[in-house]
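# Chain and residue survey
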Amino acid sequence: MKSHKLLNPQTLKPQNLRPIFLTTQSPSLCSLTQPDPPPPITHHSLLNSIQTCQWHFIEHLPPNLPSSLISQTLFHLHQSPHLVHQFTSHIDFRRLEIETQCLAQSGVVLDLQKAKEFLGFMEILGIKPTVVTYNTIIHGFCLRGRVGGAQMIFNAMKGRGVQPDSYTYGLLISGMCKERRLDEASGLFDKMLEIGLLPSAVTYNTLIDGYCNKGDLDRAFGYRDEMVKKGIMPTVSTYNLLIHELFMEGRVSEADCMVREMEEKGMVPDAITYNILINGYCRSGNAKKAFILHDEMLSKGIEPTKETYTSLIYVLSKRKRMNEADDLFEKILRKGVLPDLVMFNALIDGHCANGKMERAFSLLREMDKMNVHPDEVTYNTLMQGRCRTGKVEEARELLDEMKRRGIKPDYISYNALISGHSKRGDMNDAFKVRDEMLSRGFNPTLLTYNALIKGLCKNQEGDLAQELLKEMVSRGITPDDNTYYSLIEGIENVDEFLRKGDS
């Protein structure tokens, strides 16, 4: 919101005013001389003034500001506590009604003890906390991940005779779902229905999201069906959640059906819908369908996001269409879209997987120019690319470079080097890296053992491979097909080996 210039009082002196000649068609003198009334203060104008730090506006708020307006504004500011503090320090509380003052202060209550003291203070003033007051405090606790504190406030609220409403239950259900306490959230939801409260679409979506994240699509669809029975229309968000999880489980045809159902109900897919669909088809390897959706997205005036482009680069890379991936990347840059870390990593991975290491390293330099900081995924990808071509020493240099840049290697970094040495048959070096990995606090994984066993078998050191297999099993790691293929190739008397294993 732009600040308005104040009129200079000197310009309002009589000698500076031009005479106004009235006719029978002219408006009344009253309408010409009285200033227009100021526009009403809305939630959006108040929120915008706070977010843009227009404290001069806040300092001159009218004294009859509705408590509901402050409540709604504070709900949107809970993730920006510094702005809440600024707001409460600039607002002239003496000019506000006492109930509104209390409501504003409730937005900055940060712990349970202060919440209790605050509610007691309200009662001393003769003001009974309302459901809005309690909801404000519960909302703050839930946003900060303190659902236990929110539940205590919820219980205190009922104990004082203030009945929770649908919004109260929705806040707690949302907080529980974020903490993956789905059984408790579902139980609270059932209690809500028992006392006759009607959940909103947002509450249903919260539960659907929780069960989708858990991978329980049956329960998620159950809540979708229940909301329809109660006459609550599923929203675009409802469909987005379900379509996303269907793609995650590889159920592409069912995801297609959901999209058709969504459109039959007159719902317009949004940017999130398109990103889910494009990402889903890219993950399933259907580049053609992904690009059709990209074009459809543009035709509807929906601007693709970085996530959209990253998905498209990913599928082109998997299809070994790296020239097209590079062309798309250049197009993104021309459009003024700044690539992020995930997009760079996807493109680097594609070039490394297709043996184009020079291009991969040029992208690393481009990242530095754009001030996009690489992470362990970036370096692990480059290390794996080097090891594929047998350049393990250069991969080792990348590990050292990681450390110099303050990026901590992880178990994947060490596995890449172990695999590289093992492929070349340099087993002494491979075991040295394994020991270094252990000294850094990383436990060997299935990939670690498979690489070492394969290398030993390649060197015809079957006895050592068998010892490593025993160690692997003793650590609780179950061998897979790759483990056994390596052993079969490297062990001369397989029957004798299996008999030893049985004994």
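## Thoughts on the overall build of the protein
The secondary structure content of the protein amounts to 29 helices and zero strands. Classification of the 503 residues of the protein by burial places 44% in the buried group. Pairs at least 24 apart in sequence give 59% of the contacts found in the protein among residues at least 6 apart. By element, 53% of the accessible surface of the protein is carried by carbon and sulfur atoms, the whole surface being about 27600 Å².

## Points about the packing of aromatic side chains
Aromatic ring pairs: the centre-centre distance and the angle between the two ring planes describe each pair. By the definition in use, this model includes seven aromatic pairs. Taken together, a centroid distance of 5.4 Å and an interplanar angle of 80° make the contact between F154 and Y169 edge-to-face. With F154 in helix α9 (residues 147-159) and Y169 in helix α10 (residues 166-178), the pair connects residues that are 15 residues apart, well separated along the chain. What makes Y169 buried here is its relative accessible area of 3%. Where Y414 meets F442, the ring centres are 6.0 Å apart and the plane angle is 45°; that geometry is what we call tilted.

## With respect to the environment of K391
Counting through the fold element by element, K391 comes out in the loop between α22 (376-388) and α23 (392-404). Linking K391 and G420, residues 29 residues apart in sequence, is a C-alpha distance of 8.0 Å.

## Focus on the side chain of T238
Here T238 shows up in helix α14 (residues 236-248). Here the side chain of T238 touches N205 through a polar contact of 2.6 Å, side chain to side chain. Ignoring anything within four residues of it in the chain, the contact list for T238 reads N205, I208, R224 and M227.

## A closer look at the nonpolar core
Note that soluble globular proteins tend to have their nonpolar side chains buried in a common cluster. Grouped together as the largest cluster of nonpolar side chains are 110 residues, with contacts concentrated most on I138, I173, L242, I243, I313, L382 and M383. Not counting residues up to four positions away in its chain, the partners in contact with I313 are A325, L328, F329, I332, M343, A346 and L347. If you look at the next biggest cluster of nonpolar residues, it comprises six residues, including L46, W55, I58 and L61.

## What about the packing of helix α12 (residues 201-214) against α14?
At a minimum axis distance of 10 Å, the contact between α12 and α14 shows a crossing angle of 5°. Considering the angle they form, α12 stands roughly parallel to α14. Contact with α12, carried on its side by N205, I208, D209 and C212, involves S237, T238, L241, L242 and E245 of α14 and no other residues of that element. Taken together, the residues that form the contact of α12 with α14 break down as four nonpolar, three polar and two charged.

## A few points about the environment of T308
The topology assignment puts T308 in helix α18 (residues 306-318). Setting aside anything within four residues of it in sequence, one finds T308 in contact with N275, I278 and M297. A polar contact is formed between the side chain of T308 and the side chain of N275, at a distance of 2.3 Å. A polar side-chain atom of T308 sits 2.9 Å from the main-chain amide nitrogen of T305.

## A short note on the side chain of R386
Within the element layout of this structure, R386 appears in helix α22. Among residues more than four places away in sequence, those in contact with R386 are M357, F361, K391, E394, A395 and L398.

## Structural notes on the pattern of salt bridges
Under the defined criterion, the tally for this structure stands at 23 salt bridges. Where E261 meets R224, a salt bridge forms, and the shortest distance between an N and an O atom there is 3.0 Å. Residue E261 is located in helix α15 (residues 252-264), and its partner R224 is located in helix α13 (residues 217-229); the two are separated by 37 residues in the primary sequence. Exposure remark for E261: the relative accessible area of 25% places this residue in the partly exposed category. Here E254 makes a salt bridge to R251, at a shortest N to O gap of 2.9 Å. The partly exposed category is assigned to R251, whose relative accessible area is 27%. A single network of salt bridges, built from pairs that share partners, joins R396, D400, K403 and E436.

## Concerning a nonpolar patch on the surface
Taken together, the side chains of Y484, Y485 and I488 present a nonpolar region at the surface, about 340 Å² in accessible area. Summarising the element assignment, I488 is placed in helix α28 (residues 481-490).

## Observations concerning unusual backbone geometry
With a phi close to 60°, N371 is a non-glycine residue in the positive phi region. Locating N371 in the fold gives a position in the loop between α21 (357-369) and α22. At Q460, a residue that is not glycine, the phi angle is positive and equals roughly 60°. Looking at where Q460 falls in the secondary structure, it is placed in the loop between α26 (446-458) and α27 (462-474).

## Brief notes about α14
With 13 residues, α14 ought to run about 18 Å at 1.5 Å a step, and its terminal C-alpha atoms sit 18 Å apart, in line with that. All buried positions along α14 are accounted for by V236, T238, Y239, N240, L242, I243, E245, L246 and F247. At its buried positions, α14 is contacted by α12, α13, α15 and α16 (271-283). Positive backbone phi, at 75°, marks G250, one or two positions downstream of α14.

## A closer look at a positive patch on the surface
A cluster of basic side chains, namely R388, K423, K454 and K458, defines a positive patch on the protein surface. Checked against the element boundaries, K458 lands in helix α26.

## With respect to the confidence of the model for the protein
Mean pLDDT for the protein: 81, with 77% of residues reaching 70 or above. Across residues 1-33, confidence stays below pLDDT 50; counting only partners more than four residues off in sequence or on other chains, it has 14 contacts. Taken as a whole, residues 93-112 scores under 50 in pLDDT and shows 64 contacts with residues more than four places along the chain or in a different chain.

How each quantity is defined
Residues numbered from 1 in each chain as written. Predicted model: local features only at pLDDT ≥ 70, side-chain atom pairs only at ≥ 80, totals over all residues. Heavy atoms only, no water. Helix = DSSP H or I, 4+ residues; strand = E, 2+ residues; numbered from the N terminus. Buried < 20%, exposed > 50% of the residue type's maximum accessible area, 1.4 Å probe, protein only. Contact = heavy atoms within 4.5 Å. Areas by Shrake-Rupley, 256 points an atom, 1.4 Å probe, with all protein chains shown as cover. Phe/Tyr/Trp six-rings, centres within 6.5 Å; stacked < 30°, edge-to-face > 60°. Polar contact = N/O pair within 3.5 Å; in protein donor to acceptor, adjacent residues only side chain to side chain. Core = buried A, V, L, I, M, F, W, Y, C linked by side-chain atoms within 4.5 Å. Axes fitted to C-alpha atoms, helices over the stretch in contact; angles between N-to-C directions. Parallel < 35°, antiparallel > 145°, perpendicular 65-115°, else oblique. Nonpolar A, V, L, I, M, F, W, Y, C, P; charged D, E, K, R; others polar. Salt bridge = Lys/Arg side-chain N within 4 Å of Asp/Glu carboxyl O. Patch = residues over 30% accessible without salt bridge, like charges linked within 9 Å, V, L, I, M, F, W, Y side chains within 5 Å. Expected span 1.5 Å × (residues − 1). Lys, Arg positive; Asp, Glu negative; His and termini not counted. Charge placed at Lys NZ, Arg CZ, Asp CG, Glu CD. pLDDT = per-residue confidence, 0-100.

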